[in-house]
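The primary structure of each chain is shown beneath.
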Amino acid sequence: VSFATRFAEAMRVAKETVTHYHKAGDTKLEGRSLLKVSELLLDNNDVDRAQKVAEVAMGVLSQASDPDGTKDAWEMMGAIKHARVKTEMQQVIELNSDFMHVPKTLVVDPGLNKRIQAAYNESTKKKLF
């Protein structure tokens, strides 16, 4: 089963859940379900739709007087803003990559500072510096 198929199935189930809670009149759970839909969309890099759904969720949760849910909606809006800025930064770097050095991967060397310090300490013992 492909990722696209699993994503489509997850979206279908999430939308059905929202519809059931809406029909039942449970606005708190409807808002929470909308947040899950927004989260699914954000995980699939659909930032615009995720933001629209999160805004609706925030409205529903505010109307339901759910402070925890409203807080979660604000956190989701922050995550969406972060994803949007991250995408914009990637696009700018990609556009300007001809004019600057952009490493393909982040170089991480665990223990580098300790090795440098040990080499310095060793060299000072030998009076090289």
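Residues numbered from 1 in each chain as written. Predicted model: local features only at pLDDT ≥ 70, side-chain atom pairs only at ≥ 80, totals over all residues. Heavy atoms only, no water.

Visitor: Any details on the nonpolar core? Residues and values, ideally.
Guide: One finds L34, L35, V37, L41, L42, M76 and I80 to be the most contacted residues of the largest nonpolar core, which totals 22 residues. Among the elements that make up this core, the one with the highest residue count is helix α3 (residues 47-63) (eight residues). Among residues more than four places away in sequence, those in contact with L35 are A57, L61, G69, D72, A73 and M76. (Core = buried A, V, L, I, M, F, W, Y, C linked by side-chain atoms within 4.5 Å. Buried < 20%, exposed > 50% of the residue type's maximum accessible area, 1.4 Å probe, protein only. Helix = DSSP H or I, 4+ residues; strand = E, 2+ residues; numbered from the N terminus. Contact = heavy atoms within 4.5 Å.)

Visitor: Just give me the short version of the side chain of S38, but keep the residues and values in it.
Guide: Within the secondary structure layout, S38 lies in helix α2 (residues 27-43). S38 gets classed as buried once you look at its relative accessible area, which sits at 0%. If sequence neighbours within four positions are ignored, S38 has contacts with A50, V53, A54, M76 and I80.

Visitor: Which residues make up helix α4 (residues 67-95), and what values go with them?
Guide: Helix length check: α4 (29 residues) gives 42 Å between terminal C-alpha atoms against 42 Å at 1.5 Å per residue, within 8%. Looking at α4, one finds that the buried residues are G69, T70, A73, M76, M77, I80 and A83. Considering only its buried residues, α4 is in contact with α2 and α3. (Expected span 1.5 Å × (residues − 1).)

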